[in-house]
Amino acid sequence: MSISPSRSILLVGEGNFSFSASASQLYSETETSLTATCLQHQEDALRHEGAADNIKIVKDSGGAVLFEVDCTKLGECASLQGRVFDRVVFNFPHCGRKSGVKKNRNLLKNFFLSCVQVLSEDGEVHVGLCNGQGGTPADHPQREWHNSWQVAAMAAEAHLILSDVRPFESEKYRSYKCTGYRSQDKGFHVEKGLLHVFTRSLPYTPAQVLKVEEAVEGDRVQYNIPAELSNYINRGFLCSGSVHPVRLVQDFLLKGLAEKWSVSMTTETIPFLLTTKQLQTCCDIDSTHCYWIHLLQKDLISDTNTSTDKEKDCLIFLDSQGRTDTQDSLSATRVTSDKVDRVRSKGAESLRSACSLDVDPEGESGLYMLRPSLLPQMEKLLTKKEQLINNAGSHGDNEGNNKSVEVEGHKKEGPHGGCNGVTSLLFGISGLVFKNVTVNLWALPAFHELLLRGVFPSECEPVKLLGQRLETLLTPYGVSLVAEQGGLRLMAQPMGCVGKVLASIASDKISNVSVTVSLNLDLLAVLLFSLPDWRLLWSHDPRFLQHFALHSSPGKPFHPFSLFPEHFSFDISFWTGPTWEEKKFHALIREASHGTVEQVKLIDTFSHPDLSQTSYCYRLIYHSNTHALSHTKALQFHKDLESFLTSRLQVTIR
């Protein structure tokens, strides 16, 4: 148990105070303050062998000793009122006598609920258990789940997460004599005991509706981002100086590619919205996987604006009072928003999540979507760049709206990466894209795409060259290349496709080939840093980024700050009308569960022959690597989902 200077420790459930005495001596030369407590009356506590001497050692070391302190009611203890502790320690808890696992689970749960009332915000709870009791994979051998104390699940009830498990260092506390086994002076087997360290989890934050204003194809438009996507907006992962793994992976890839080709990344802001026309000109995207957007407002950009103002696509985020906030960079945009419930009644009619399948392609509702790919913007920027070069007539004028930067430290002298003296340039763009997919373990509704485009002489076999370079960079992390018609597909287990390399004949010369590389930075970050779950990338917990500030090189596995989180399974059954849009159901799952549902499985369907109704039964798996998720909290989310389904989709819960 490592204690920093000026720290305070609360020990609960002491028996003969031998651990308190050892700890007092261990930290006697530090500024650590120690308070030892026990449940018994003073007279009963002193009957334990050695208790009187141990209590004297604690007091002589400057510590305090309190009697009749119930560790399940610490907030009610008068002597602890107004105090908070950096560590709360409970060694080898037990209900006493011959109590079963259920009683001891209940003891742990009530202790955790109690101790958070006296725990500092960044404090830790240390619980020592005999090997096998905790019910985690750290136990060897591990007991069956139903026969364990389920310590991580009990802590989650108090919104605590298990952050570390390590051997209980009994030899460090030489005078420690464990007592209390079945309410006797007999001790527990602490030789293979485990110390479980718990910390506070961040609270769950409600989904929000974000109102956005931006310029799209000459129009100034306002719209709402669907609530289930609110956590993905304006996170700034790709900002300059970011240590987020998505940015680290992008830098790793660009550095590796820049050893063979010049790489230029654009810094221009691009809108979230696309028009159907934009998408159809260069992409073959399944429309059912698009988030279709209904506009709140649309205005033609004034002709009095300069041509530069017309072309610049800027994002403006509006708050509930209509105040605006404009930034030049997408990654630096600030968002002010309303809570979902405050805005829904006013804006529900004007907003449809892309789960809508009844979009009329000829109407306004079919004109706009959240970008499922950066390719249309890539085409637009390349066209604009070409026009600027032609109009300017000189290299020095190619600035302004289309800023681009060489990848630092990787610009080489002379031709490289080309063929027959032809130098090839990879032009790149990266940003957030959206796909309206059903809830699944590796289905990402939003992720960061890195898109690269280059024109190469066809005799150089550019697809093969780029594939070989990507293979060199990514094979050590489990990525393999699979040839397909027109290019390559990058595959990895268990997530599947993580990128593509596609070739087409360049428009200027038949002898040249245009090659496009599309990479899913989020899934690659999961692979390169051995993350257990892609949802960790979107965690607001500062401990996540702190890890990468110290370990920024790919290949160094991430050490989770939440160990062994539990899975909870709940079924939901309901009657629907003649039409049923499953994508809307999945959108509500994401919103109601705060993203904690990782799998949805259709268990059963039944169509009533007379009522034109269909019954659906789904099984939902709740699991979180970012927050404490208890059975109580998961059940609450499930009840919220039932309420959402009833009020918004007009289904009848069975």
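What counts as what
- Throughout this document, residue positions are counted from 1 along each chain, in the order its sequence is written.
- Local features are withheld for residues below a pLDDT of 70 in this predicted model, meaning they are given only at 70 or higher, and side-chain atom pairs are given and counted only at 80 or more; totals for whole chains, interfaces and linings count all residues.
- Side-chain numbers here rest on the full set of heavy atoms in the structure, without hydrogens or water.
- Secondary structure elements follow DSSP: runs of H or I of four or more residues count as helices, runs of E of two or more count as strands, with numbering from the N terminus.
- Partly exposed describes any residue whose relative accessible area lies between the buried limit of under 20% and the exposed limit of over 50%, with all areas from a 1.4 Å probe on protein chains only and scaled to the type maximum.
- By the convention used here, residues are in contact when the closest approach between their heavy atoms is within 4.5 Å.
- Per-residue and other accessible areas follow the Shrake-Rupley method at a 1.4 Å probe size, with only the shown protein chains counted as cover for residues.
- We count a salt bridge whenever a side-chain nitrogen from Lys or Arg sits within 4 Å of a carboxyl oxygen from Asp or Glu.
- Two strands pair under a simple rule: DSSP has to find at least two bridges between them.
- If you view a crossover with the strands going away from you and the path from the first strand over the helix to the second runs clockwise, you call it right-handed.
- The axes are straight lines fitted to the C-alpha atoms, using for helices just the contacting stretch, and the angles between their N-to-C directions are given from 0 to 180°.
- Roughly parallel means an angle under 35 degrees; roughly antiparallel means over 145; roughly perpendicular covers 65 to 115; every other angle is labelled oblique.
- If you view the pair so one helix is near and one far, a crossing is left-handed when the near helix is turned anticlockwise from the far one by less than a right angle, and right-handed when it is turned clockwise.
- As a working rule, the residues Ala, Val, Leu, Ile, Met, Phe, Trp, Tyr, Cys and Pro are called nonpolar, Asp, Glu, Lys and Arg charged, and the rest polar, with Gly in that last group.

Participant: Help me out: how do you make sense of the overall build of the chain in this one?
Facilitator: What the chain contains, in helices and strands, is 15 helices and 28 strands. A total of 654 residues make up the chain; the buried ones form 52% of that total. For the chain, the proportion of contacts with a sequence separation of at least 24, taken over those separated by at least 6, is 74%. For the chain, the exposed surface amounts to about 30300 Å²; the carbon and sulfur share of it is 48%.

Participant: Before we go on, may I ask you to explain the pattern of salt bridges in this structure?
Facilitator: Opposite charge on two side chains allows them to pair when their charged atoms are near. This model, assessed by the stated rule, comprises 19 salt bridges. Put simply, Asp-251 and Arg-247 hold a salt bridge, and the shortest N to O gap is 2.9 Å. Taken together, the residues Asp-251 and Arg-247, both in helix α6 (residues 245-258) and four residues apart, mark about one turn of the helix. Here Arg-469 and Glu-259 are joined by a salt bridge, their closest N and O atoms 2.7 Å apart.

Participant: Just checking my understanding: could you explain the pairing of strand β1 (residues 8-12) for this structure?
Facilitator: The two faces of a sheet get side chains in turn, since along a regular strand they alternate between them. Counting buried positions along β1 gives five out of five residues, so the element sits mostly inside the fold. Burial along β1 is two-sided: Ser-8, Leu-10 and Val-12 and Ile-9 and Leu-11, pointing in opposite directions, are all buried. Pairing geometry for β1 and strand β2 (residues 33-37), over four bridges, is parallel. What sits directly across from Leu-10, in β2, is Thr-35. Crossover connection from β1 via helix α1 (residues 18-26) to parallel β2: handedness right-handed. Bridging between β1 and strand β4 (residues 85-91) involves four bridges; their strand directions are parallel. Paired with Leu-11 across the strands is Val-89, a residue of β4.

Participant: How should the packing of helix α14 (residues 582-592) against helix α15 (residues 631-648) be read in this particular structure?
Facilitator: The geometry of α14 relative to α15 is characterised by a closest axis approach of 9 Å and an angle of 140° between their N-to-C directions. Comparing the axis directions of α14 and α15 gives the class oblique. Crossing angle aside, the handedness with which α14 passes α15 is right-handed. Contact residues: α14 offers Phe-585, Leu-588, Ile-589, Glu-591 and Ala-592, while α15 offers Phe-637, Asp-640, Leu-641, Phe-644, Leu-645 and Arg-648. The residue inventory of the contact of α14 with α15, partitioned by class, reads eight nonpolar, no polar and three charged.

Participant: Any chance you could explain the sheet that holds strand β12 (residues 291-292) here in plain terms?
Facilitator: Within a sheet, adjacent strands bond to each other through the backbone by hydrogen bonds, running parallel or antiparallel. Strand order in this open sheet of three strands is β11-β17-β12, and the pairing throughout is antiparallel. Strands at the two margins of the open sheet, each flanked by one partner only, are β11 (273-275) and β12. Two elements, β12 and strand β17 (residues 368-370), share two bridges in a ladder whose sense is antiparallel. Directly across from Trp-292, in β17, lies its bridge partner Met-369.

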